[in-house]
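Examination of the molecular architecture
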Amino acid sequence: MERQERTKYRMAESIKGLMARMPLDKITVKDIVADCGLTRQTFYRNFKDKYDLVNWYFEKLVQQSFEEMGVSLTLREGLTKKFEFIREERVFFTCAFGSNDYNSLMKYDYDYILNFYKNILQRKQGRSLEPDVDFLLQMYCHGSIRMTVEWVRTGMKLEPEELAGLLIEALPEKLNKLLSFLAEDGNGQPVTV
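Definitions and cut-offs
- Residues numbered from 1 in each chain as written.
- Predicted model: local features only at pLDDT ≥ 70, side-chain atom pairs only at ≥ 80, totals over all residues.
- Heavy atoms only, no water.
- Phe/Tyr/Trp six-rings, centres within 6.5 Å; stacked < 30°, edge-to-face > 60°.
- Buried < 20%, exposed > 50% of the residue type's maximum accessible area, 1.4 Å probe, protein only.
- Helix = DSSP H or I, 4+ residues; strand = E, 2+ residues; numbered from the N terminus.
- Core = buried A, V, L, I, M, F, W, Y, C linked by side-chain atoms within 4.5 Å.
- Contact = heavy atoms within 4.5 Å.
- Polar contact = N/O pair within 3.5 Å; in protein donor to acceptor, adjacent residues only side chain to side chain.
- Patch = residues over 30% accessible without salt bridge, like charges linked within 9 Å, V, L, I, M, F, W, Y side chains within 5 Å.
- Areas by Shrake-Rupley, 256 points an atom, 1.4 Å probe, with all protein chains shown as cover.
- Salt bridge = Lys/Arg side-chain N within 4 Å of Asp/Glu carboxyl O.
- Lys, Arg positive; Asp, Glu negative; His and termini not counted.
- Charge placed at Lys NZ, Arg CZ, Asp CG, Glu CD.

The next thing to look at is the packing of aromatic side chains. Scanning the model with the defined rule gives 14 aromatic pairs in all. For the ring pair Phe 92 and Phe 93, a centre distance of 4.9 Å and an interplane angle of 85° mean the geometry is edge-to-face. Its relative accessible area of 1% is what places Phe 92 among the buried residues. Ring plane angle 25° and centroid distance 6.2 Å describe the contact between Tyr 108 and Tyr 112, whose orientation is recorded as stacked. On the criterion of helical spacing, the pair formed by Tyr 108 and Tyr 112 is a turn pair, its members being 4 residues apart in helix 7 (residues 105–125). Accessibility expressed as a relative area gives 23% for Tyr 108, which makes it partly exposed. An aromatic cluster is present here, built from Tyr 9, Phe 43, Tyr 44, Phe 47, Trp 56, Tyr 57, Phe 58, Phe 92, Phe 93, Phe 97, Tyr 108 and Tyr 112 joined pairwise through their rings.

Printed below as a string of structure tokens:
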């Protein structure tokens, strides 16, 4: 791991520790750099603000599960892996999803999954999404994120596999058909989602 990446992880560990003691919206950049022994200049060389740091760390946690989706993981497996990461980092996500800032994790997660699915569908179809598909995808992603946040805020009572199954079950029929290729195993064999 290169030096800059280690520095980012150091700041992420710092904000995670601070989030265990106070709400994200109360944490300052000054708190973060004091906790990890770095300078404000170093912080701003790497991140725009504390929410950018939280979003970067989130992306690092879930990136692998989404990159593997449709390659070696089915949609169900990729979502389950994401929810397992969230559960493992319970304190971080409970605090991060508690913020309603303009640059919040909830907004970032929505943009991240919307773009992920859009890119997959556009590559598969070789064109831009039809307006009705785009609408359904936006609606589904909003609902998916809201339910994920609700799951986190209410103590993560469902198992990750259960939540993944419910989110797949909630896919509008048209999206389900378009995303059905994500329901293949690593050998390209269809599986039931």
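Let us look at the nonpolar core. Of all hydrophobic cores here, the largest spans 61 residues; its most connected members are Leu 53, Phe 93 and Tyr 117. The element that contributes the greatest number of residues to this core is helix 7, accounting for 10 residues. Apart from residues lying up to four places away in sequence, Leu 53 is in contact with Lys 8, Met 11, Ala 12, Ile 15, Ile 32, Phe 43 and Phe 47.

Position of Ser 104 among the secondary structure elements: in the loop between helix 6 (90–96) and helix 7. Residue Ser 104 is classed as buried on the basis of its relative accessible area of 5%. Sequence-distant contacts of Ser 104, that is, excluding residues within four places in its chain, are made with Asn 55 and Ser 99.

Right, let's get into the side chain of Lys 82. With respect to the element layout, Lys 82 can be found in helix 5 (residues 75–88). One polar contact links Lys 82 to Asp 109, side chain to side chain, over a distance of 3.1 Å.

Moving on, we come to a negative patch on the surface. Side chains of Glu 84, Glu 88, Glu 161 and Glu 162 sit close together on the surface and give a patch of like negative charge. Taken together, the elements giving at least two residues each to the negative patch come down to helix 5 and helix 9 (160–169). Positionally, Glu 88 belongs in helix 5. For Glu 88, a relative accessible area of 63% puts it in the exposed group.

The next point concerns the environment of Cys 95. Mapping Cys 95 onto the fold places it in helix 6. You can call Cys 95 buried: its relative accessible area is 12%. C-alpha separation for the pair Cys 95 and Lys 16, spaced 79 residues apart in sequence, amounts to 9.0 Å. Contact partners of Cys 95, with chain neighbours within four places excluded, come to Met 19, Met 22, Pro 23 and Leu 24.

Right, let's get into the pattern of salt bridges. The final tally for this structure, using the stated rule, is 10 salt bridges. Lys 82 is the partner of Asp 109 in a salt bridge, and the nearest nitrogen-oxygen pair spans 3.1 Å. Here the residue Asp 109 occupies a position in helix 7, and Lys 82 occupies one in helix 5, the gap between them amounting to 27 residues. Judged by relative accessible area, which is 0%, Asp 109 ranks as buried. The class of Lys 82 is buried, set by a relative accessible area of 2%.

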